[in-house]
Amino acid sequence: MGRGGKKPRVESPAADVTLDDDVQEVKEEDETGAMAVVAAGSAAAPRVEILVEFDKSLLDCPLCSLPLKPPVFLCPAKHAACGPCAANLASKCPACDGAYERDEGAYGYLLAVRVPCPNQAYGCGSSVVYCMAGDHRLVCPHAPCRCPETGCGFLGAPPALRVHLAERHAWPVTNIAYGSVLEVQMQPAEQGQRLLAAEDGEQLFLLVASERGVKVVRVTVAADEDGPSASWYRCKVWVHAPVDTDTGHMDVLMLDAKVESCAVPSEEAAFGAGGRYLPVPPDMPSDIRLRIDKQVKASRSPRSRA
């Protein structure tokens, strides 16, 4: 039962599906307002998902208001607390002075509650565990990036931002293929910035050439992925000086570095993202050659040494 006496509503995800009483039973607990959904079917019954509406605060820690993540602690009076709050209070409930104990039964329920990704409006169709939604937001490729143009409040996932900058603000966009060398001539009208689109525009990079140097960054809010199949990006940049007519020599500056990320495609954000860039003397030409490689993090063998 939700707080304030509101009963939860149980719905079938499909309008033509009826949930019989012997399959799903919603029970109201005691005056604490806790709710349990009991599956009365046999263990061999197929998985059935239902939509349940109830007070969101039941999934949040009443002390810090953050989503409850396992382990969860309860005092004898059934006041809940998340792990960090219970530890900060020396496992003693501030409401009733009772001692907190770990609630093993909450684990399955908390991990069963799924919600749409917070970036659903920007194209993410993922369904994520409620208490992990904040973690998903940090790695979601659909997290919105901001337009850097003054006075423009556009927010959108990188593919949408690419279209917006090209059509609304006439930014130059060049399609690239990983592992292929691209020759770019930066014109003064471009103000030293060019968008590079890969994987049919799903991945967006920014090439910046200014008095500080040349740098390539990935335009995304998402942090680097983790896990054996996670990908990351590396960029090689070359700047060639004209051939010296007296000596026949040609100076070449080169940079090989990991591509950092920033949420706004601007010079300030690119250089503020950290990482390495290629310093270029003012008398060097504006012809740039670059290559972006997509690499996959290799999983470590159990027998590999540290």
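Residues numbered from 1 in each chain as written. Predicted model: local features only at pLDDT ≥ 70, side-chain atom pairs only at ≥ 80, totals over all residues. Heavy atoms only, no water.

Draft legend 1. Representation of the overall build of the protein chain in the model. Each helix and strand in the protein chain was counted, giving five helices and 20 strands. The buried share of the protein chain, taken over its 306 residues, is 32%. Relative to all contacts within the protein chain whose residues are 6 or more apart in sequence, the contacts with residues 24 or more apart total 52%. Total accessible area on the protein chain is roughly 18,300 Å²; 51% of this is exposed by carbon and sulfur atoms. (Helix = DSSP H or I, 4+ residues; strand = E, 2+ residues; numbered from the N terminus. Buried < 20%, exposed > 50% of the residue type's maximum accessible area, 1.4 Å probe, protein only. Contact = heavy atoms within 4.5 Å. Areas by Shrake-Rupley, 256 points an atom, 1.4 Å probe, with all protein chains shown as cover.)

Draft legend 2. Looking closely at the state of the cysteines. Overall, the coordinates contain zero disulfides when judged by the stated rule. Of all cysteine sulfurs, the one in Cys147 lies closest to Cys152, which takes part in no disulfide; the gap is 3.7 Å. Given a relative accessible area of 17%, Cys152 falls into the buried group. (Disulfide = S-S within 2.5 Å.)

Draft legend 3. The sheet that holds strand β5 (residues 72-74), seen in detail. In spatial order, the strands read β6-β5-β7; together these three strands make up an open sheet with antiparallel pairing. In this open sheet, the two edge strands, each paired with only one partner strand, are β6 (80-82) and β7 (101-102). Bridge analysis of β5 against β6 gives three bridges, and the strand direction is antiparallel. Each bridged residue has a counterpart across the sheet, and for Leu74 the counterpart in β6 is Ala80. (Pairing = 2+ DSSP bridges.)

Draft legend 4. Spotlight on helix α4 (residues 158-168). For α4, the full list of buried residues reads Pro158, Leu161, His164 and Leu165. Projection of α4 onto a plane perpendicular to its axis shows the buried side chains occupying an angular sector of 115 degrees, all on one side. For α4, the secondary structure elements touched by its buried residues are β10 (145-146), β11 (155-156), β14 (193-198), β15 (203-210) and β16 (213-219). Where α4 terminates, the next one or two residues include Ala170, which has phi positive at roughly 55 degrees. (Arc of directions from axis to C-beta.)

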